[in-house]
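Next come the chains, spelled out residue by residue.
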Amino acid sequence: MKKLISWHKNINYLVIKFFGIKFKFKIKELGYAISGENNKILLKENGVTRELKASEKIDGLDIQINGNNNHITLESKHFNNCSMLLQCSNAKIEIGDNCRLNGLHISVACGNFQKVKIGKNTTCFHTEVYLNEENASLEIGKDCMLSGNIVIWTTDGHAIIEKNTNKVINQPIKTVIGEHCWIGYGAHLCKNTNLPNDVIVGARSVVTKAFEDSNVVIAGNPARILKRNVQWERDTATNEIRKRSNAGGCRERKNPSSRLVFNELDD
Ligand SMILES: CC(C)(COP(=O)(O)OP(=O)(O)OC[C@H]1O[C@@H](n2cnc3c(N)ncnc32)[C@H](O)[C@@H]1OP(=O)(O)O)[C@@H](O)C(=O)NCCC(=O)NCCS
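Asker: Where do I start with the site of the ligand in this structure?
Answerer: Neighbouring residues of the ligand: 13 residues in total, closest S147, G184, Y185, G202 and A219. Those elements that provide at least two residues to the shell around the ligand are β28 (216-219) and β29 (224-228). Residues belonging to the shell around the ligand are distributed by class as follows: six nonpolar, five polar and two charged.

Shown next as structure tokens:
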């Protein structure tokens, strides 16, 4: 006789068949897939730091670790469709307070001691970060705005050797994005990119080196300085024009550092 009640389970669902009717229940996985020793996920909330319990997960953030002594410190919990995949040891990842991260994917492999630090109030829409070498590092300052489809390679991943001298010529140093930088849609940041504070990177630009000047627009492939003496705001251009006409030439900057900004149009 046919079974009246049967059930089976896969990684996501428990399926129960009851008198020929199927019931599907989503299974909530407990904890992250972590293998190795002394790996820690620390959560900083209201000035208190605690280690995430083995059974806990943060909504919108997947973490997989295979290695030892990796430490992830999260001051923010605003994640949506984000992941951190660590195939390494002694790596450090720090996400600052009040970051709002959508589609941030950090992949760490091919060595140890990698570092990622993202400053407070930074936002991103979809950014892939690769740290595929020993000591590779990425630092993103506070108040940055990373648009969609951005790729950051902190290393080349493979060596280039000069034939005459037998020297490796593409060693990564570090990749840095200063405070309050805006990275446009589809930008690709290569190893050793170094942006000072207040830099705007144009859409689909390929950034390949260190820049020294703040308050510039850089764009193109390879990215070069296109405009100087500029700054940006999160609000739309239309709204900023409106605010300026309402404020009669002087307005308070809403953005975190809260400086006074004077309207150049009124000079
Ligand atoms: C970088 C950017 C913000 C600059 O805007 P802007 O100051 O109004 O710049 P302009 O349109 O006056 O362009 C100035 C010059 O830079 C060039 N330029 C602008 N953006 C460029 C880019 N992404 N790549 C290459 N060149 C670019 C223009 O062709 C122009 O060149 P020209 O002087 O030879 O004619 C804008 O072009 C851009 O890339 N916007 C996309 C922002 C984005 O990704 N938003 C998503 C939401 S976060």
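The rest of the description comes next.
Asker: Please clarify how the environment of G96 should be interpreted in this entry.
Answerer: For G96, the location among the structural elements is in the loop between β11 (92-95) and β12 (100-102). Look at G96 and you get buried, because 20 C-beta atoms sit within 10 Å. Spatially, the C-alpha atom of G96 lies 8.4 Å from that of T73, the residues being 23 residues apart in sequence. Those residues in contact with G96 that lie beyond four places of it in its chain are E75, S76, I118, G119, K120, T122 and K142.

Asker: What's the story with the confidence of the model for the protein in this structure? I'm lost.
Answerer: Close reading of the predicted structure is inappropriate where its pLDDT is low. Confidence in the prediction of the protein, expressed as mean pLDDT, is 90, and 89% of residues score 70 or more. In the predicted structure, residues 256-267 sits below a pLDDT of 50 and forms 17 contacts with residues beyond four places in sequence or in another chain.

Asker: Explain the pairing of β11 to me, please; I cannot follow it from the model alone.
Answerer: Each regular strand shows side chains that alternate between the opposite faces of the sheet. Here β11 shows a buried face lined by I93 and I95 and an unburied face lined by K92 and E94. Where strand β8 (residues 71-74) and β11 come together, four bridges link them in parallel fashion. In the strand pairing of β11, T73 is matched with E94. Across four bridges, β11 lies against strand β14 (residues 115-118) in parallel orientation. Across the sheet, residue E94 finds its bridge partner in β14, namely K117.

Definitions and cut-offs
- Throughout, residues of each chain are indexed from 1 in the direction in which the sequence is written.
- In keeping with the model being predicted, local features are shown solely for residues with a pLDDT of at least 70 and side-chain atom pairs are shown and tallied solely at 80 or more, while totals for entire chains, interfaces and linings include all residues.
- Proximity of a residue to a molecule or strand is defined by its backbone-placed C-beta atom lying within 6 Å of that partner.
- Helix and strand assignments come from DSSP, with helices taken as H or I runs of at least 4 residues and strands as E runs of at least 2, each series counted from the N terminus.
- Charged residues are taken to be Asp, Glu, Lys and Arg, nonpolar residues to be Ala, Val, Leu, Ile, Met, Phe, Trp, Tyr, Cys and Pro, and polar residues to be all remaining types, Gly included.
- Exposure in this text rests on C-beta crowding, where 20 or more other C-beta atoms within 10 Å of a residue's own make it buried, 12 or fewer make it exposed, and counts in between make it partly exposed. The C-beta atoms are placed from the backbone.
- Our contact criterion uses C-beta atoms placed from the backbone: two residues qualify when those atoms are within 7 Å.
- Think of pLDDT as the predictor's per-residue confidence, scored from 0 to 100.
- The pairing criterion for strands is at least two bridges between them, as found by DSSP.

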